[in-house]
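# Remarks on the overall topology
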Amino acid sequence: MRKIQMVDLKGQYNAIKDIVNPDIQEIIDNASFINGPKVHEFQKNLETYLDVKHVIPCANGTDALQIAMMGLGLKPGDEVITADFTFAATVEVIALLQLTPVLVDVNPNDFNINIEAIKKAITPKTKAIVPVHLFGQVANMEAIMELAEAHNLYVIEDNAQAIGADYTYSNGKKAKAGTIGHVGSTSFFPSKNLGCYGDGGAIFTNDDDLAHIIRGIVNHGMYERYHHDVVGVNSRLDSIQAAVLNAKLPHLDAYNKARQAAAMKYDAAFKNHENIEIPFRKSNDCEGNCATCDCHVFHQYTLKLNNVDRDGLVKFLNAHDIPCGVYYPIPLHNQKAYADERYNEADFPVTNDLVKTVISLPMHTELDDEQIEFITSKVLEYING
Ligand SMILES: *Cc1c(COP(=O)(O)O)cnc(C)c1O
């Protein structure tokens, strides 16, 4: 059996090597490292794929979130509501911009931001909601957009984990994750569903004026050379990364299908086990059948365990050379940097439980049946004792 990795990017690379290598060589030969034609080409291709008017590439997913918030003109003291159960980047940029992060609890089934908790957290100072499409599944965007409209709030989708996922509205209409809110952001970190060979990110919007503002912000606040109209940043996707992404984008749906196929094999081994909750699927019509539905693109395959020594299982799997992860082990409201006396433990029952009970298994496009069989058998061996 091949060595099991949490993320295995070699197979993907081998399949696109003949396109990627000459493209990278050409960039080096032409020394078109920054703002080369590949960046523009990738931007246009991603706009078409996502069916969104504007993609603004930038240096990473954390910058993308920060720039989105800067573009919306959020000001120090404005309150921004986001999920307590996510990667720290989301809350980090809120704090960096001297906005006030307001962390709220998530749903016990899909682990995404909880609508009732958002409602409770809205105050006259609230200016934005940042849903995170955690582990590859889109948050309840329809309810979030309704709340935002009623309270005049912006919605910034942190789509670092769900690129390519479909969101289905109650009337059956579909939209790609990240294109539903006023602005969306993503990351092209190598292990993400669409990853480059270094750092990269992008911002999406259908709003022409916001797109214009953001294009200036990513480039030192310049709209005309050496005229700095607003305070900006330096955040670029470089040409080599754009060439990699451009080669990978036509395969993104197949990559996500490979993740879904692996997820369904995991599901088959774990479903109906009293100690294991398999990942929830949002869409009513798919009922976990990822062959017919793209509602979950499995950035992570995350189980919730009941009455299992989770940390014992992690050690057991690691001892059998099976890597696994705990995303995330500490609620953001308990992190030193973001703790605040405003928070009350009783408001975070779900996050406080998830940090102790979730485990993410290896998930990538190169998992084979032998590996999945080995992983599932070892998980069950530990849990069944
Ligand atoms: C990866 C990630 C980010 C940050 O992306 P970087 O490119 O690493 O800066 C932000 N939010 C979430 C939810 C992520 O998973």
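Residues numbered from 1 in each chain as written. Predicted model: local features only at pLDDT ≥ 70, side-chain atom pairs only at ≥ 80, totals over all residues. Heavy atoms only, no water.

### Some details on the environment of His-40
Position of His-40 relative to the elements: it lies in helix α2 (residues 37-50). Through-space distance from the C-alpha of His-40 to that of Ile-56 is 9.5 Å; in sequence the pair is 16 residues apart. (Helix = DSSP H or I, 4+ residues; strand = E, 2+ residues; numbered from the N terminus.)

### What about the sheet that holds strand β1 (residues 54-58)?
Sheet architecture is open: seven strands sit in the order β1-β9-β8-β5-β4-β2-β3, paired in mixed fashion. The strands lining the two open edges of the sheet, one partner per strand, are β1 and β3 (100-104). The mean angle between the axes of side-by-side strands here comes to 25°, regardless of whether they run parallel or antiparallel. Where helix α3 (residues 61-71) meets the sheet, it contacts β1, β4 (126-130), β5 (154-158), β8 (183-187) and β9 (201-205), and its direction lies at approximately 165° from that of β8. Strand contacts of helix α7 (residues 208-217): β1, β8 and β9, with the helix running at about 15° to β1, the strand carrying the most contacts. (Pairing = 2+ DSSP bridges. Axes fitted to C-alpha atoms, helices over the stretch in contact; angles between N-to-C directions. Contact = heavy atoms within 4.5 Å.)

### What about the domain arrangement of the protein?
As far as domains go, the protein holds domain 1 (10-104 + 111-250) and domain 2 (252-384). Here the C-alpha centroids of domain 1 and domain 2 sit 24 Å apart. Linking domain 1 with domain 2 are one salt bridge. In this structure, Lys-120 and Asp-347 form a salt bridge, with 3.7 Å as the shortest nitrogen-oxygen distance. At the boundary of domain 1 and domain 2, one finds 20 residue pairs in polar contact (both at pLDDT 80 or more). Considering each element in turn, the side of domain 1 that touches domain 2 owes the most residues, five residues, to β3. (Domains from an automatic or database assignment. Salt bridge = Lys/Arg side-chain N within 4 Å of Asp/Glu carboxyl O. Polar contact = N/O pair within 3.5 Å; in protein donor to acceptor, adjacent residues only side chain to side chain.)

### Observations concerning the site of the ligand
For the ligand, the full set of nearby residues is Asn-60, Gly-61, Thr-62, Thr-86, Phe-87, Ala-89, Val-132, Asp-158, Ala-160, Gln-161, Ser-187 and Lys-192. Contact between the ligand and Gly-61: an oxygen atom at 2.7 Å from a main-chain N or O atom of the residue. For the ligand, a nitrogen atom lies 2.8 Å from a polar atom in the side chain of Asp-158. Protein burial of the ligand: of its 380 Å² of free accessible surface, 91% is covered by the chains. Partitioning the shell around the ligand into residue classes produces four nonpolar, six polar and two charged. (Near = heavy atom within 4 Å. Areas by Shrake-Rupley, 256 points an atom, 1.4 Å probe, with all protein chains shown as cover. Nonpolar A, V, L, I, M, F, W, Y, C, P; charged D, E, K, R; others polar.)

### Looking at the nonpolar core
Within the largest apolar cluster, 39 residues are counted, with the highest numbers of intra-cluster contacts made by Ile-81, Phe-85, Val-104, Ile-113, Ile-118 and Ile-144. Within the residue set of this core, elements represented by two or more residues are β2 (79-83), β3, α5 (115-121), α6 (141-151) and α11 (349-357). Looking at this core, the element that brings in the most residues is α6, giving five residues. In this structure, Ile-4, Phe-270, Cys-290 and Leu-367 belong to the second largest nonpolar core, which totals 27 residues. (Core = buried A, V, L, I, M, F, W, Y, C linked by side-chain atoms within 4.5 Å. Buried < 20%, exposed > 50% of the residue type's maximum accessible area, 1.4 Å probe, protein only.)

### Regarding the UniProt feature "active site" (unreviewed entry) in the protein
UniProt marks Lys-192 with the feature "active site" (unreviewed entry), using the numbering shown here. Note on placement: Lys-192 falls in the loop between β8 and β9. Here Lys-192 falls in the buried class, since its relative accessible area comes to 16%. (UniProt positions renumbered as here; feature names shortened; annotations may be inferred.)

### Some remarks on the side chain of His-54
Tracing the backbone shows His-54 in strand β1. Note on His-54: relative accessible area 13%, which makes it buried. At a separation of 2.7 Å, a polar atom in the side chain of His-54 contacts the side chain of Asp-208. In terms of polar contacts, His-54 uses its side chain to reach the side chain of Arg-215, at 3.4 Å. In this structure His-54 touches Glu-47, Ile-203, Phe-204, Thr-205, Asn-206, Asp-207, Asp-208, Ala-211 and Arg-215, once residues within four positions along its chain are discounted.

### Examining the packing of aromatic side chains
Aromatic ring pairs: the centre-centre distance and the angle between the two ring planes describe each pair. Within this structure, the stated rule accounts for 15 aromatic pairs. With a centroid separation of 6.5 Å and an interplanar angle of 35°, the aromatic rings of Phe-87 and Tyr-328 are classed as tilted. Here Phe-87, found in the loop between β2 and α4 (89-96), pairs with Tyr-328, found in the loop between α10 (310-319) and α11; they are 241 residues apart in sequence, far enough to count as distant. Exposure remark for Phe-87: the relative accessible area of 46% places this residue in the partly exposed category. Judged by relative accessible area, which is 12%, Tyr-328 ranks as buried. Ring pairing ties together the aromatic residues Phe-85, Phe-87, Phe-111, Phe-135, Tyr-327 and Tyr-328, which thus form one cluster. Its end group placed over the ring of Tyr-169, Lys-173 keeps NZ or CZ at 4.6 Å from the ring centre. Above the ring of Tyr-343, the side-chain terminus of Arg-342 is found at 4.9 Å from the ring centroid. (Phe/Tyr/Trp six-rings, centres within 6.5 Å; stacked < 30°, edge-to-face > 60°. Lys NZ or Arg CZ within 6 Å of the ring centre and 35° of its normal.)

### A look at the packing of helix α9 (residues 252-270) against helix α12 (residues 369-384)
When two helices pack together, you describe them by how their axes are tilted relative to each other and by the distance separating the axes. Two elements in contact, α9 and α12, have axes whose closest approach is 10 Å; the angle formed by their N-to-C orientations is 35°. Crossing geometry of α9 relative to α12 is assigned as right-handed. Contact with α9, carried on its side by Ala-262, Lys-265, Tyr-266, Ala-269 and Phe-270, involves Asp-369, Ile-372, Ile-375, Thr-376, Val-379 and Leu-380 of α12 and no other residues of that element. (Left-handed = near helix turned anticlockwise from the far one by under 90°.)

### What to know about α6
Buried within α6 we find Met-141, Ala-143, Ile-144, Leu-147 and Ala-148. Viewed along the axis of α6, the buried residues span an arc of 160°, placing them on a single side of the element. Opposite the packed face of α6, turned more than 90 degrees from it, sit the exposed residues Glu-146, Glu-149 and Ala-150. Contacts from the buried residues of α6 go to α5, β4, β5 and β6 (166-168). Positive backbone phi, approximately 60°, marks Asn-152, located one or two places after α6. (Arc of directions from axis to C-beta.)

### Focus: the pattern of salt bridges
Two side chains that carry opposite charge are able to pair once their charged atoms sit near each other. Under the defined criterion, the tally for this structure stands at 17 salt bridges. Measuring nitrogen to oxygen at the nearest pair gives 3.3 Å for the salt bridge that ties Glu-47 to Lys-44. In this pair, Glu-47 and Lys-44 are both assigned in helix α2, three residues apart and thus about one turn of the helix distant. On the basis of relative accessibility, which here comes to 39%, the residue Lys-44 falls in the partly exposed class.

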